[in-house]
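Here's the letter readout for the chains.
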Amino acid sequence: IVYSPDYNITFMGLEKLHPFDAGKWGKVINFLKEEKLIADDLIVQAREATDEDLLVVHTRRYLNKLKWSFVVATITEIPPVAFLPNFVVQRKVLKPLRTQTGGTIMAGKLAVDRGWAINVGGGFHHCSSDKGGGFCAYADITLAIKFLFERVPGVSRATIIDLDAHQGNGHERDFMDDPRVYIMDAYNRYIYPGDGFAKRAIKRKVELEWGTEDSEYLQKVHTHVEGALNEFKPDIVVYNAGTDILDGDPLGGLAISPQGIVKRDEVVFRAARSRGVPVLMVTSGGYQKRTARIIADSILNLHSLGLLGRGRPACALGSPSMQNMVTDSAKDFSNLSLQ
Ligand SMILES: [Zn+2]
């Protein structure tokens, strides 16, 4: 489970201006600790993605644009950010997002080594290599997949299962016409971003109506996740597990219960792990006050069902020192430059 206290955005109440709980990531970890699922030493500490890391996907032109506070205000949808000096924006807004991005990259490596990894943050699926939006400033999903393709022998095919309430137009634009990446996306068809061009990259598109409820939703998720994994055999599944499908979410417009979200995550993990495919999960959108509890409950459920066991037999890890080696290699992984 990948996390850093640096994930959380807190600055003079600024975070309260966005309709979300900007401390949800830390709360997930606190719930997991309360339930004794994880101790401090079992959390892999995320490192902030460096410029060099980000340039694996992003253009220098795009990264330079983030040096303008008004650009960041537009991307994060927090208008007052426009009036802050950029060094404050960098430290208080972008650094948390870069750390979450570093966490997704590390979690990709850990997932391949161990069979699964969960980044408690990340899932910025509206950002592509040269354009941010919808609170997404860095393309962490694209980055994690490109790092794996470039640096891990044997990883050359990825499936993205995007079950956030919104269409994942960022990774879709980045992997348009890339035969190595299969994208399944289920989203409310009437809300942001409605990116018709990006939709062309979706191999399995599940467009949902306003107020879709558990039974219909779970049946569709089950059918299409199984279908996607039968149709294309990936080396990694990147699961964008947005919780803005929750009933009452001000942005998502769907009506899924907390139990429905827990079940949904179970369906995805079961489908991937039963096929021996590693899963990297990121938490993406969903910022109601009760969201953190639901994410923690879902992780506890996956654990109680044995879906968070050690990786495929060939990757089983023995001693604690071996585990540390894996953790260290994941840390190094996110700080190495490409050839
Ligand atoms: Zn969303």
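Above this text is the structure in question.
Cut-off values and rules
- Residues take numbers from 1 onward in each chain, read along the sequence in its written order.
- Per-residue local features of the predicted model are confined to residues with pLDDT of at least 70, and side-chain atom pairs are confined, for both listing and counting, to 80 or more; whole-chain, interface and lining totals are unaffected and use all residues.
- Calculated side-chain values reflect all of the structure's heavy atoms, with hydrogen atoms and water omitted.
- Fitted lines through C-alpha atoms serve as axes, helices being fitted only where they are in contact, and the angles separating the N-to-C directions of these axes extend from 0 to 180 degrees.
- Here a helix means four or more residues in a row that DSSP labels H or I, a strand means two or more in a row labelled E, and each is numbered from the N terminus.
- Angle categories are assigned with fixed cut-offs, so that under 35 degrees is roughly parallel, over 145 is roughly antiparallel, 65 to 115 is roughly perpendicular, and the rest are oblique.
- Helix crossings fall into two classes, left-handed where the near helix is turned counterclockwise from the far one by less than a right angle and right-handed where it is turned clockwise.
- Contacts are residue-level and defined by heavy atoms, with any inter-residue pair within 4.5 Å sufficient.
- Here the nonpolar group is Ala, Val, Leu, Ile, Met, Phe, Trp, Tyr, Cys and Pro; Asp, Glu, Lys and Arg are the charged ones; every other residue, Gly included, is treated as polar.
- Whether a set of points on the 1 Å grid over the protein atoms alone is a cavity depends on a 1.4 Å probe fitting there but being unable to get out, while an open set qualifies as a pocket with protein on both sides within 12 Å along at least five of seven lines; lining residues are those with an atom within 4 Å of a point.
- Grid points are joined across faces, edges and corners, and a volume is the space filled by probe spheres set on the points.
- The span you would expect from a helix comes to 1.5 Å times its residue count less one.
- Each metal's donors are the N, O and S atoms found within 2.8 Å of it, except that Na, K and Ca use a 3.2 Å limit; water is left out, so coordination can look incomplete.
- In this scheme, a residue with accessible area under 20% of its type's maximum is buried, one over 50% is exposed, and one in between is partly exposed, where area comes from a 1.4 Å probe on protein chains only.
- Within 6.5 Å between ring centres, the rings of Phe, Tyr and Trp (the latter by its six-membered ring) count as paired, and their orientation is classed by plane angle as stacked under 30 degrees, edge-to-face over 60, tilted in between.

(A) Molecular detail of the packing of helix H1 (residues 24–34) against helix H11 (residues 291–304). Between H1 and H11, whose axes approach to 8 Å, the crossing angle comes to 45°. Considering the angle they form, H1 stands oblique to H11. In this structure, H1 crosses over H11, and the sense of that crossing is right-handed. Contacts between H1 and H11 pair Lys 24, Lys 27, Val 28, Phe 31 and Leu 32 from the former with Thr 291, Ala 292, Arg 293, Ile 295, Ala 296, Ile 299 and Leu 300 from the latter. Looking at the contact of H1 with H11, its residues break down into 8 nonpolar, 1 polar and 3 charged.

(B) Examining empty space enclosed by the protein more closely. By the definition in use, this model includes 1 cavity of 30 Å³ or more. By volume, the largest cavity is sized at about 40 Å³. Lining the largest cavity, in full, are Ala 241, Thr 243, Asp 265, Met 281, Thr 283, Ile 295 and Ser 298.

(C) Structural view of helix H10 (residues 258–274). Helix length check: H10, at 17 residues, gives a terminal C-alpha distance of 24 Å against a target of 24 Å (1.5 Å per residue), a fit within 8%. Just downstream of H10, Gly 276 is the residue with a positive phi angle, here 75°.

(D) Highlighting the coordination of the zinc ion. Within the protein, the zinc ion binds to Asp 164 (OD), His 166 (ND1) and Asp 244 (OD); these donor distances fall in the range 1.9 to 2.1 Å. Along the chain, the residues donating to the zinc ion are arranged with the sequence spacing D-x1-H-x77-D. Taken together, the residues span a long stretch of sequence, with Asp 164 in the loop between strand S4 (158–162) and helix H7 (169–174) and Asp 244 in the loop between strand S7 (236–240) and H10 at a distance of 80 residues. Of the two residues, Asp 164 and Asp 244, neither departs from the other in class, the shared state being buried.

(E) Region of the structure containing the packing of aromatic side chains. All told, the structure shown has 6 aromatic pairs when counted by the stated rule. Pairing Phe 135 with Tyr 287 gives two aromatic rings, centres 6.0 Å apart and planes at 75°, and the pair type is edge-to-face. Linking Phe 135 in the loop between strand S3 (116–119) and helix H6 (140–151) with Tyr 287 in the loop between strand S8 (279–282) and H11, this pair joins segments that are 152 residues apart in sequence. Look at Phe 135 and you get buried, because its relative accessible area is 5%.

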